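Secondary and tertiary structure notes
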Amino acid sequence: MAKGESRQTCDLYASRYLGWVENRRGNLGLEAVERAALVVAADGRRGLIFIRHGVLPQAVDRADSLGLAVFGFDPEGGTLNGVNLVGREWYATGLAG
């Protein structure tokens, strides 16, 4: 169950994860990564960001340093892949890590 800020700002939440889906045009930037990190830190669950388009290199680096997984998705092709190091690791383990 999500409460407080996580309930107000997350698109997805589960017992171990909080998730955000960025389906807008444009690249994922630092602001979205920092916002997710603040919520995750206060909540205690791990953070997932799903992005349809690109990710700025600074956002990739920051997400890795904060332990957030970034996944790229293609809704038409039905594919998902890890964009940053954490995302690739979690994708390989099926979020079991």
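This text goes with the structure placed above it.
Parameters and conventions
- Residues numbered from 1 in each chain as written.
- Predicted model: local features only at pLDDT ≥ 70, side-chain atom pairs only at ≥ 80, totals over all residues.
- Heavy atoms only, no water.
- Helix = DSSP H or I, 4+ residues; strand = E, 2+ residues; numbered from the N terminus.
- Expected span 1.5 Å × (residues − 1).
- Axes fitted to C-alpha atoms, helices over the stretch in contact; angles between N-to-C directions.
- Parallel < 35°, antiparallel > 145°, perpendicular 65-115°, else oblique.
- Left-handed = near helix turned anticlockwise from the far one by under 90°.
- Contact = heavy atoms within 4.5 Å.
- Nonpolar A, V, L, I, M, F, W, Y, C, P; charged D, E, K, R; others polar.
- Pairing = 2+ DSSP bridges.

Once that is clear, we can look at helix α2 (residues 30-43). Residues three or four positions apart in an α-helix share a direction because the helix packs 3.6 residues into each turn. Between its first and last C-alpha, α2 extends 20 Å over 14 residues, near the 20 Å set by a 1.5 Å rise per residue. Trailing α2 by a residue or two, G44 shows a phi angle of about 100 degrees, which is positive.

Turning our eyes to something else, we now look at the packing of α2 against helix α3 (residues 57-66). In the contact formed by α2 and α3, the axes pass within 9 Å of each other and the chain directions differ by 15 degrees. On the basis of their axis angle, the class for α2 and α3 is roughly parallel. As α2 runs across α3, the sense of the crossing is right-handed. Contact residues: L30, V33, E34 and A37 in α2; Q58, A59, R62, A63 and L66 in α3. Among the residues forming the contact of α2 with α3, the class breakdown is 6 nonpolar, 1 polar and 2 charged.

What follows concerns the sheet that holds strand β4 (residues 69-74). Pairing between the strands of a sheet is mediated by backbone hydrogen bonds and can be parallel or antiparallel. What the 5 strands build is an open sheet, ordered β1-β2-β3-β4-β5; its pairing is mixed. A strand with exactly one partner marks an edge of an open sheet, and here the two such strands are β1 (12-13) and β5 (79-82). Bridge analysis of β1 against strand β2 (residues 17-22) gives 2 bridges, and the strand direction is antiparallel. The residue of β2 that forms the bridge with L12 is G19. Helix-sheet contacts for helix α4 (residues 85-93) involve β2, β3 (46-51), β4 and β5, and the interaxial angle to β4 is about 70 degrees.

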